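Structural characterization, general
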Amino acid sequence: MSDEEVLLQSPLLYRVLRDRSGALSIEVVVGGIVQFEVRVLLNEEESESFAREGRAFADRLAQAIMADPPFGGRSVRSPV
């Protein structure tokens, strides 16, 4: 059983997760020919924006991560 709950799964190739502590993260498929997943832990402001806007905010955040996978050094490669 997973330690995470999937809050949102999108056809844009991302999902928003909540861990047991309540922390939110977004996992996004990035790349071109070679694709892989990266994960970004949402900060307090991003978590509040997700709570307010839901999918619209998550779509924008996922697109920003797809455009810049290192995402300012905040992303980590998702475990396989």
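Cut-offs and rules
Residues numbered from 1 in each chain as written. Predicted model: local features only at pLDDT ≥ 70, side-chain atom pairs only at ≥ 80, totals over all residues. Heavy atoms only, no water. Helix = DSSP H or I, 4+ residues; strand = E, 2+ residues; numbered from the N terminus. Rg over C-alpha atoms; globule rule 2.2 N^0.38 Å. Contact = heavy atoms within 4.5 Å. Salt bridge = Lys/Arg side-chain N within 4 Å of Asp/Glu carboxyl O. Buried < 20%, exposed > 50% of the residue type's maximum accessible area, 1.4 Å probe, protein only. pLDDT = per-residue confidence, 0-100. Core = buried A, V, L, I, M, F, W, Y, C linked by side-chain atoms within 4.5 Å. Patch = residues over 30% accessible without salt bridge, like charges linked within 9 Å, V, L, I, M, F, W, Y side chains within 5 Å. Areas by Shrake-Rupley, 256 points an atom, 1.4 Å probe, with all protein chains shown as cover.

**Quick word on the overall build of the chain**
- A tally of helices and strands in the chain yields two helices and five strands.
- From first element to last, N terminus to C terminus, the chain shows the α and β order β-β-β-β-α-α-β.
- Relative to its length of 80 residues, the chain is compact, with a C-alpha radius of gyration of 12 Å against a globular reference of 12 Å.
- Structurally, the chain occupies a C-alpha span of about 35 × 30 × 25 Å along its principal axes.
- Considering only contacts in the chain between residues 6 or more positions apart, those separated by 24 or more positions represent 43%.

**Some thoughts on the pattern of salt bridges**
- Applying the stated criterion across every chain, the model contains seven salt bridges.
- Linking R15 and E27 is a salt bridge whose minimum nitrogen-to-oxygen distance equals 2.8 Å. Taken together, the residues span a long stretch of sequence, with R15 in strand β2 (residues 14-19) and E27 in strand β3 (residues 24-31) at a distance of 12 residues.
- What makes R15 partly exposed here is its relative accessible area of 26%.
- In this structure, R74 and E46 form a salt bridge, with 2.7 Å as the shortest nitrogen-oxygen distance. Highlighted residues: R74 in the loop between α2 (55-67) and β5 (76-77) and E46 in helix α1 (residues 44-53), separated in sequence by 28 residues.
- Given a relative accessible area of 31%, R74 falls into the partly exposed group.
- Each of the salt bridges in this network shares a partner with another, and the network as a whole consists of E4, R15, E27 and R39.

**Let's talk about the confidence of the model for the chain**
- Overall, the predicted model of the chain reaches an average pLDDT of 92, with 95% of residues at or above 70.
- When pLDDT is averaged over each element of the chain, α1 comes out on top at 98 and β5 at the bottom at 90.

**A word on the nonpolar core**
- Core analysis: the largest hydrophobic core is formed by 17 residues, its most contacted members being Y14, V16, I26, V28, F50, L61 and I65.
- Only β2, β3, β4 (35-41) and α2 provide two or more residues apiece to this core.
- Considering every element that reaches this core, the biggest residue donor is α2, with five residues.
- Here L61 is in contact with I26, L42, E46 and F71, once residues within four sequence places are set aside.

**A closer look at a nonpolar patch on the surface**
- Together, L12, L13 and M66 line one region of the surface with nonpolar side chains, adding up to about 230 Å² of accessible area.
- Assignment of secondary structure puts L12 in the loop between β1 (4-10) and β2.

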